[in-house]
Amino acid sequence: MQLQKIFGLPSFPIMNIVDGVSRLKVGHFISDAAPLQEIDKIKLPVLFIHGEADELAPVQMADRLYAAAKGKKQLLKIVGAEHADARKADRRAYYAAVFAFIDQHLENKN
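Residues numbered from 1 in each chain as written. Predicted model: local features only at pLDDT ≥ 70, side-chain atom pairs only at ≥ 80, totals over all residues. Heavy atoms only, no water.

**Quick word on the pattern of salt bridges**
Using the following cut-off: We define a salt bridge as a contact between a side-chain nitrogen of Lys or Arg and a carboxyl oxygen of Asp or Glu at a distance within 4 Å. Exposed residues in this analysis have more than 50% of their type's maximum accessible area, buried residues have under 20%, and partly exposed residues fall in between, with area computed by a 1.4 Å probe over protein chains only.
Applying the stated rule across the entire model yields two salt bridges. Residue lysine 41 is joined to glutamate 38 by a salt bridge in which the shortest nitrogen-to-oxygen separation is 3.2 Å. A residue is classified by how much of its surface remains accessible, and glutamate 38, at 41% relative accessible area, is partly exposed. Aspartate 63 is the salt-bridge partner of lysine 77, the closest N and O atoms lying 2.7 Å from each other.

Here you go:
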């Protein structure tokens, strides 16, 4: 669906090819990924970071994952950030959230 929306390309046969290459390279089909079905099994704290201008994976996808997560969680949305571009779009907010999350959830074993 996103290939058509963003690039005007049909899902078939492109996603079938990507799926096959993924299986050969890493041993898993991309089409088997089901984060919404798995997120509630995660027991560790999760920090979701998502760009609000992401067209490849719209921000609503992060909202759904965040809502489905059962454990400790935090969601940071970066205004103006496109796909995988949150750090570049707002370095201060990105690093502040990452370090605060680590400080909050990492046990000091000293």
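**Focus: the pairing of strand E2 (residues 73–78)**
How we decide: Any two strands with at least two DSSP bridges between them are considered paired. Each helix is a run of H or I in the DSSP string that is no shorter than four residues. Each strand is a run of E no shorter than two, and both are numbered from the N terminus. Throughout, right-handed denotes a crossover for which the path from the first strand over the helix to the second runs clockwise when the strands point away from the viewer.
Here strand E1 (residues 46–51) pairs with E2 via six bridges, running parallel. In the strand pairing of E2, valine 46 is matched with lysine 73. With respect to chirality, the unit in which E1 leads through helix H4 (residues 59–68) into the neighbouring parallel E2 is right-handed.

**Observations concerning the layout of surface pockets**
Condition: Within this scheme a cavity is a closed region of a 1 Å grid, computed over the protein atoms alone, that accommodates a 1.4 Å probe without allowing it to escape, whereas a pocket is open but has protein on both sides within 12 Å along at least five of seven lines; lining residues each have an atom within 4 Å of a point. Grid points are joined across faces, edges and corners, and a volume is the space filled by probe spheres set on the points.
Empty space within the largest pocket amounts to approximately 410 Å³. Residue lining of the largest pocket: Met15, Asp19, Ile30, Ser31, Ala33, Pro35, Leu36, Ala57, Met61, Arg64 and Leu65, and that is the complete set. Listing elements by their share of the lining of the largest pocket, those giving two or more residues are helix H2 (11–26), helix H3 (35–38) and H4. Of all the elements, H4 adds the most residues to the lining of the largest pocket, at three residues.

**Quick word on the packing of aromatic side chains**
Selection criterion: Ring pairs shown here join Phe, Tyr and Trp side chains whose ring centres sit within 6.5 Å, with only the six-membered ring taken for Trp; geometry is labelled stacked below 30 degrees between planes, edge-to-face above 60, and tilted in between.
Scanning the model with the defined rule gives three aromatic pairs in all. Consider the rings of phenylalanine 48 and tyrosine 66, whose centres lie 6.0 Å apart with planes at 80°: the pair is edge-to-face. Separated by 18 residues along the polypeptide, phenylalanine 48 in strand E1 and tyrosine 66 in helix H4 bring together distant segments of the chain. Where tyrosine 95 meets phenylalanine 99, the ring centres are 5.9 Å apart and the plane angle is 20°; that geometry is what we call stacked. Taken together, the residues tyrosine 95 and phenylalanine 99, both in helix H6 (residues 91–105) and four residues apart, mark about one turn of the helix.

**Some thoughts on empty space enclosed by the protein**
Note the following rule: Under the scheme applied here, ten amino acids are nonpolar (Ala, Val, Leu, Ile, Met, Phe, Trp, Tyr, Cys and Pro), four are charged (Asp, Glu, Lys and Arg), and all others, including Gly, are polar.
Here the structure, examined in full by the defined rule, presents one cavity of 30 Å³ or more. Considered as a void within the structure, the largest cavity measures approximately 30 Å³ in volume. Contributing to the lining of the largest cavity are Ile39, Ile42, Val46, Ala69, Lys70, Gly71, Lys72 and Lys73. Split by residue class, the lining of the largest cavity holds four nonpolar, one polar and three charged.

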